[in-house]
Amino acid sequence: MNRPEDVQVLVAVPGQLEAAALIRTAAQIARRRGADWQAVHVETPRRPTSPEVLEALSHQVAQLGGQWCVLTGERVSDELADYARRSRADSLIIGRDSPRRWYWPRMTGRRGLLDAVKTLDIVVVAGTPAARRWPWPRWQRPTQHEWYWPLGSVALALVIAWLVARQMDLANLSLIFLGAVLVTAVGAGARAAMLAAALSALAYNFFFTSPRFSLEMIEHSELSTVGLFLLVALIGGQLGGALKRRMTALRESRHQVRQLLTTARALSAAPDRARIREIIVTTVEHDWSLPCAFLECEGAAVIPSVSAAHPGEPALEAATIEAATWSYHHAEPSGPGTAMFSDQRWRMVPLVDASGVLGVVAMAIDDRRMGRERREPALLDTLFRLFAAALTRVALVEALGDARLAEGNERLRAALLSSVSHDLRTPLASIIGSASTLRDLDDSLSGEDRLELLEAVLGESERLDRYIQNLLDMTRLGHGLSIKRDWVAAGDLFEGALTRLGRALSRVRIVRDWGDDLPLLHVHAALIEQALVNILENAVRLSPEHGQITLAGHTDGDRVCLCLHDEGPGVPEALRESIFERFFTGERADVGPHGSGLGLTICRSMVRAHGGEVVVTAGPNGRGATFIISLPLMAPPEAFDHDD
Amino acid sequence: MTTDAPRVLIIDDEREIRRFLRISLGSQGFAIVEAATGREGIELAREAAFDLILLDLGLPDMDGQEVLKSLHWQCRAPVIVVSVREGEEEKVAALDAGAIDYVTKPFGIRELLARIRVALRAGASVEAAPAQVLAGEIRIDLAQRRVSRSGEELHLTPREYAFLARLAQTPGRIVTGRQLLIELWGPVFEHNTHYLRILVSRLRQKLGDDPRTPSLIQTEAGIGYRLMVEGDTAA
């Protein structure tokens, strides 16, 4: 036997389905105390419990978050006491109205529970009112079938018997009527067969026994023939009716399985809660002919409200809402056929999983009709478990998605912080180093050194300023930047970027290699200029002293390409994609070539915002790197053509 | 220290950093060699002997930690890591990989010069481990395994002595907590940093070192300890 861990509350469960109420009460008590609980059933060899009942009870215990345990022993109280001691439980809950008296464990005396475990609290729970039986359905009027089948078949049998009466023995004629009864039984069920049997007996008596055309009977043998016939016809009719019922049931169960499968398939494909709610209400309405509504508590609301209904939203009375609220908070069904609110028209069934109540299904029940919900309660129960499982699945998927999103955001934030701190600190390191050298080592510095250090302070301050600009751009990009497009010449963009870099360009050679025939671009000029500044600055930083940087442009099909070649170390093939994404992949900010942190990421964002793309390849002759910004080519406005 | 100018190798991809280091260290009489990539730095260190290497961790071609490992294998020059990375793990990893010190960017030139002086001394002492180390009033005699304060002999437990001797072997240089735990207790105790904290507080008491402003055993929070010496190590 497994040793339970940390169980504080035990509940002794008798082996009847009625114990469900006791289990619910125990779960509530344990929840209120914040304790773990376990349901224990003691099976005695003399009275084994049916496996179906155990299965149902254990399912309920698991649903309410408890553990389930079955013990075997001669005496209930001995086993309970022993188990309570071993599991170090501090309370034992017993139902007052256990339906079988014998299940009441002995409380006092030599082998009673009270004396056996002195440290145990024993809680006796009052019985809940037993579930009221479904009201009796009214007498169902016979259908037309049930009239036509017996009347028709008996009439037919009478005609045949009349025709063959001369050639046949009187006793054999009864077989013809018996055939009519059996046909009726198979065709219209047992009730019709009974009618047919009675009609046949009368007809047989009236037309064939002497004196003919009277219901009187003289001969004893004829009397016994009719009596025997009636007996055989009744039995045969019942058997035939049973056959008919079984056939119908078989057809129906095939139909049920198909319905269940269809529902299960629809539920498993449902992407969200709203779709599942919809499937629930339409399934119940369509397959069970019950108007249905789904109620749940939105947010912190205490009273559930209708979130889906079929057909159409019902007008629920205050009492119905009260019943739904009760079911929601007690996780128990209410309405017709249950102990609570049984006079209501709506039956409320809560959908429950381990985390609590997921919602309440309300079904409008017509209690004058022997509806399917009363004939197949187990099937309906299975259906509700399917619903609950589907809702749980969706809830889990949503929770997982939220967790992933949060994790992603966290990573992005960490990457941004490390990137920003690197981008700001690198120029600051030069500024602080140079300035502190100027202050502390002034005596040993030549005039030229001083000038160079001041130059460094100035240049790095400008670089810092550009980084801050980048940061601001980044924030704007994050908040949905609006692109104000206008027609602009590619050359102007290049020149603008070169002007902005200014002093930083002094150590490289810039070659302007774009032609005047480049088409106009329809872009937000400031953004594309910033994209150019970012790749240009990168190139300058990585170029050797007096290295050459070539700016060029050309059209390529429906795109305009702005190119920048440098003579720096180049970008290894494996890194050509990730240098633009580094910031997003959470890599270290200061590793690898073009370690400008945000710069290239921002460049790509800006170009992509225009429907373009930026890539890096090996430079001409395999030396250095080439950055290519490609932007979609657009037809210039009409006015331009006229001006030409 | 050699008679001619100490040779310093700077491995950093930031040109502006190299420029100001070249000017400032050059003005203090150091001979500077620059490398912009890790590979170039390793190459240079292999070809010529340096008295000191300043190494940035974020290099374009390989990570500084990797550079540190290969430098450690092939040359004896002390390495000071100069990086914007300020996490404790980075510092500990660099020191464990053989760096002698760690300076976080941005830094003032005076701090760097002080660290360079300590590193140069430590680099010199690696070749001949000192027999005696003087730190304030404390004399640590490594040959005779004795510790005295103002001439008065102190009674240390074997582990306290081992701790002090380990720091004294490399005066002025950080020894990481992990290293100390492995050497003094064993590899299993690598993470039991509270052992060190207890041992150091007892040791400071015996040495007469004020725990609030320790002048002998300095704690580098989260990283390790170093023994502060007055500058002269007696051979």
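Note that the coordinates shown come from a computational prediction; the quantities given were computed from them, not determined experimentally.

How should the overall build of chain A be read in this particular structure?
When helices and strands are tallied, chain A shows 18 helices and 16 strands. The contacts in chain A between residues at least 6 apart in sequence include a share of 67% that link residues at least 24 apart.

So what exactly am I meant to see when it comes to the overall build of chain B here?
A tally of helices and strands in chain B yields eight helices and 12 strands. Within chain B, the fraction of its 235 residues that count as buried is 41%. Within chain B, counting contacts between residues at least 6 apart in sequence, those at least 24 apart form 60% of the total.

Would you explain the packing of helix 6 (residues 170–188) of chain A against helix 7 (residues 190–207) of chain A in this entry?
In a packed pair of helices, the relevant descriptors are the angle between the two axes and the axis-to-axis distance. Residues and elements named next belong to chain A. One way to put it is that helix 6 packs onto helix 7 with a least axis distance of 7 Å and a crossing angle of 160°. The pairing of helix 6 with helix 7 is recorded here as roughly antiparallel in orientation. In this structure, the crossing between helix 6 and helix 7 has a hand that is right-handed. Within the contact between the two elements, helix 6 uses Ser 174, Phe 177, Ala 180, Val 181, Thr 184, Ala 185 and Ala 188 and helix 7 uses Ala 190, Ala 192, Ala 193, Ala 196, Ala 197, Ser 200 and Tyr 204. Taken together, the residues of the contact of helix 6 with helix 7 sort by class into 11 nonpolar, three polar and no charged.

Looking at this structure, I do not really get the pairing of strand 11 (residues 217–220) of chain B. What am I missing?
Two faces belong to every sheet, and in a regular strand the side chains alternate between them. Residues and elements named next belong to chain B. For strand 11 and strand 12 (residues 224–227), the ladder comprises four bridges, and the chain directions are antiparallel. The residue bridging Thr 219 from the neighbouring strand is Tyr 225, located in strand 12. Between strand 11 and strand 12, which follow one another and run antiparallel, lie three residues, and Gly 222 among them has a positive phi close to 75°.

Sorry if this is basic, but what is going on with unusual backbone geometry here?
Glycine aside, residues mostly have negative phi angles, and peptide bonds mostly take the trans form. Following Lys105(B), the chain continues into Pro106(B) via a peptide bond in cis, with omega recorded as -5°. Within the fold, Pro106(B) resides in the loop between strand 5 (101–104) and helix 5 (109–127).

In this structure, what is going on with the sheet that holds strand 9 (residues 356–364) of chain A? I would like to understand it.
Through backbone hydrogen bonds, the strands of a sheet pair up, either in parallel or in antiparallel fashion. Residue and element names in this part refer to chain A. Strand order in this open sheet of four strands is 7-6-9-8, and the pairing throughout is antiparallel. This sheet does not close on itself; its edge strands, each paired only once, are strand 7 (305–310) and strand 8 (346–353). This sheet shows a mean twist of 25° between the axes of neighbouring strands, independent of strand direction. Here four bridges tie strand 6 (residues 292–296) to strand 9, and the two strands are oriented antiparallel to one another. Bridge pairing in strand 9 links Ala 293 to Ala 362. Against the sheet, helix 9 (residues 273–288) engages strand 6, strand 7 and strand 9, with an angle of about 50° to strand 7.

Explain the UniProt feature "transmembrane region" (unreviewed entry) in chain A to me, please; I cannot follow it from the model alone.
All names here are of chain A. Sites flagged by UniProt as "transmembrane region" (unreviewed entry) map to residues 147–165, 177–203 and 223–243. Strand forms 0% of residues 147–165 and helix 95%; the C-alpha atoms that close the span are 27 Å apart. For the annotated span residues 177–203, helix accounts for 96% and strand for 0% of the residues, and the straight-line distance between the end C-alpha atoms is 9 Å.

For this particular structure, what's the right way to read the interface of chain B and chain A?
Think of interface size as the accessible area that goes away when the parts come together; that is how it is often given. Taken together, the contact between chain B and chain A spans 19 residues of the former and 28 residues of the latter. When contributions to the side of chain B that touches chain A are tallied by element, the ones reaching two or more residues are helix 1 (15–27) and helix 5 of chain B. A per-element tally of the side of chain B that touches chain A places helix 1 of chain B first, with seven residues. Residues belonging to the side of chain B that touches chain A are distributed by class as follows: eight nonpolar, five polar and six charged.

When you look at the environment of Ser215(B) in this model, what are you seeing that I'm missing?
Residue and element names in this part refer to chain B. For Ser 215, the position within the fold is in the loop between helix 8 (193–207) and strand 11. Linking Ser 215 and Arg 204, residues 11 residues apart in sequence, is a C-alpha distance of 9.7 Å. Excluding residues within four positions of it along the chain, Ser 215 makes contact with Gly 136, Asp 209 and Met 228.

Definitions and limits used
Residues numbered from 1 in each chain as written. Chains lettered and ligands numbered in written order. Predicted model: local features only at pLDDT ≥ 70, side-chain atom pairs only at ≥ 80, totals over all residues. Helix = DSSP H or I, 4+ residues; strand = E, 2+ residues; numbered from the N terminus. Contact = placed C-beta atoms within 7 Å. Buried ≥ 20, exposed ≤ 12 C-beta atoms within 10 Å, placed from the backbone. Axes fitted to C-alpha atoms, helices over the stretch in contact; angles between N-to-C directions. Parallel < 35°, antiparallel > 145°, perpendicular 65-115°, else oblique. Left-handed = near helix turned anticlockwise from the far one by under 90°. Nonpolar A, V, L, I, M, F, W, Y, C, P; charged D, E, K, R; others polar. Pairing = 2+ DSSP bridges. UniProt positions renumbered as here; feature names shortened; annotations may be inferred.

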